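Overview (structure and organization)
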Amino acid sequence: MNAVEEPAARLYRLGKNYFAIRNYEAAQDFLSEAVIAGSTAAARLLLQVAHLFFRHREYARAEDAFQVLADRGSGESCLYLGILCRDGLGRRRDLAQAFHYFNEAYQLGDMRGAMEAGLLVEKEAHFSEEAKQAAIEWLAIASESGLNEANRHIGLLLLDNVPAHHAEAMQWFLKGARGGDARCMVYASDLYRNGSGVPRNEGLAFSLLRRAADMGDMKACSILGDWYASGTYVEKDQKMARMYYRRAGGETPAPEQ
C-alpha cells in the first residue's frame with residue numbers, strides 16, 4: 001500500500017468498525033474523511049449510513065453524508081439531496097435547488113432524477129404551457145429509461161379539451177398498462193368507455209379495469225363495484241358488487257365455502 005492510500009484505508013477501517021458497533025455518527029465522520037481521501041469502499045458504506053440517517057429522520061446528518069458523496073459524483077446522493085430540498089426536510093424548502101440536484105442526478109446517470117425533475121415541473125404545468133411541455137420532456141426521458149410511472153403522469157398532462165391530445169394520452173396510458181401500472185389501466189379504461197379521443201370500446205374498458213382491480217387498485221375496484229351494482233356494462237350481480245366494494249375498502253374477500 002502506498003503512502004497516498006494509507007490514510008484512506010486507515011480512515012475506512014475506523015469508519016467500518018464504528019459502523020459495526022452501530023455508532024453511526026462516528027462512522028460517518030471517519031467514512032466522510034476516507035471518501036474525501038479517495039476510498040471507494042468508504043463511499044459505498046457512507047451511502048448506507050446516509051440512508052440510515054434519512055430513514056430515521058436525522059436529516060441534517062443525512063444531508064452532510066449525501067453532500068460528500070454528491071461532490072464526488074454520486075447520482076443517487078444528488079437525488080436524495082433534491083428530495084431534502086423539495087420537501088424541506090431538516091432545512092429550508094428550496095425548489096430551485098431541488099431541481100438543480102435532480103438534474104445533477106440525471107446527468108450522473110440516475111434516471112430517477114429525470115422523473116423527479118419532471119414531477120417538480122409538473123406542479124406548474126396547469127399554469128404554463130411551457131412548464132407543461134418541459135414536464136413532458138423530462139417524464140419522457142424517465143419513461144424511456146424504464147420508469148413506468150412516468151407514462152401515467154404524461155398521460156394525465158395531456159388530458160385537456162383537445163381530443164387529439166386524448167388520443168396521445170391513451171398511447172401513454174397503454175404503454176404504462178403494458179408495463180404493469182394499474183392506474184394507467186384505469187385511465188385507459190375510462191377513455192375507452194367514454195370514447196374520448198379513441199373509438200368507444202366497452203369490452204376493452206372492462207378488461208383493463210378488471211386487470212387493474214386484480215392488481216389491487218382500489219379505484220378500479222370501486223368502479224367495478226358500481227358497475228356490478230347497477231348492471232352497467234356487465235350483468236347485474238350484487239355479490240360481485242359487494243366483493244369489489246370490499247376490495248375498494250382495502251378488505252380481501254374471504255374464500256368461497
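I will try to describe carefully the structure that is included in this document. Quick caveat, the model's predicted, so the values are computed rather than measured. Note that residues are indexed from 1 along each chain, following the sequence as it is written. Since the coordinates come from a predicted model, pLDDT governs what is reported: local features require at least 70, and pairs of side-chain atoms require 80 or more to be given and counted, while whole-chain, interface and lining totals use all residues. Where side-chain values are given, they derive from all heavy atoms of the structure, hydrogens and water being excluded.

1. Let's talk about the overall build of the protein chain
How we decide: Think of it this way: any DSSP run of H or I at least four residues long counts as a helix, any run of E at least two long counts as a strand, and we number them from the N terminus. For a compact globule the rule gives 2.2 Å times the number of residues to the power 0.38, and the radius of gyration it is set against comes from C-alpha atoms. For this analysis, residues touch if any pair of their heavy atoms sits within 4.5 Å. Within this scheme the basic residues Lys and Arg register as positive and the acidic residues Asp and Glu register as negative, but His and the chain ends are omitted. Charged groups are reduced to one reference atom each: NZ for lysine, CZ for arginine, CG for aspartic acid, CD for glutamic acid.
Scanning the protein chain from N- to C-terminus turns up 14 helices and zero strands. Starting at the N terminus and walking to the C terminus, you meet the elements of the protein chain as α-α-α-α-α-α-α-α-α-α-α-α-α-α. Computed over the C-alpha atoms, the radius of gyration of the protein chain is 24 Å, more than 25% above the 18 Å expected from 2.2 N^0.38 for a compact globule of 257 residues. In terms of its C-alpha atoms, the protein chain occupies a principal-axis envelope of roughly 80 × 55 × 35 Å. If you take every contact in the protein chain between residues at least 6 apart in sequence, the share linking residues at least 24 apart comes to 43%. Taken together, the 30 basic and 34 acidic charged side chains of the protein chain have centroids lying 6 Å from each other.

2. Digging into the nonpolar core
Here is the rule we go by: Nonpolar cores were defined as sets of buried Ala, Val, Leu, Ile, Met, Phe, Trp, Tyr and Cys residues, with membership established by side-chain atoms within 4.5 Å. Throughout this description, buried means an accessible area under 20% of the type-specific maximum (1.4 Å probe, protein chains only), exposed means over 50%, and partly exposed covers the range between.
Residues Leu31, Leu46, Phe54 and Phe66 are the most contacted members of the largest nonpolar core, which totals 82 residues. The contacts of phenylalanine 54, once residues within four sequence positions are left out, are Tyr59, Ala62, Phe66, Tyr80, Ile83, Leu84 and Leu89.

3. Section: helix α5 (residues 75–87)
This is how it is decided: In a helix, the anticipated span is given by 1.5 Å times the number of residues less one.
The end-to-end C-alpha distance of α5, which contains 13 residues, comes to 19 Å, matching closely the 18 Å that a straight helix rising 1.5 Å per residue would cover. In terms of burial, α5 is a largely internal element, eleven of the 13 residues being buried. Taken as a whole, α5 has its buried residues at Gly75, Ser77, Cys78, Leu79, Tyr80, Leu81, Gly82, Ile83, Leu84, Cys85 and Arg86. Tucked inside the fold, the buried residues of α5 contact α3 (40–55), α4 (59–70), α6 (95–107) and α7 (112–122).

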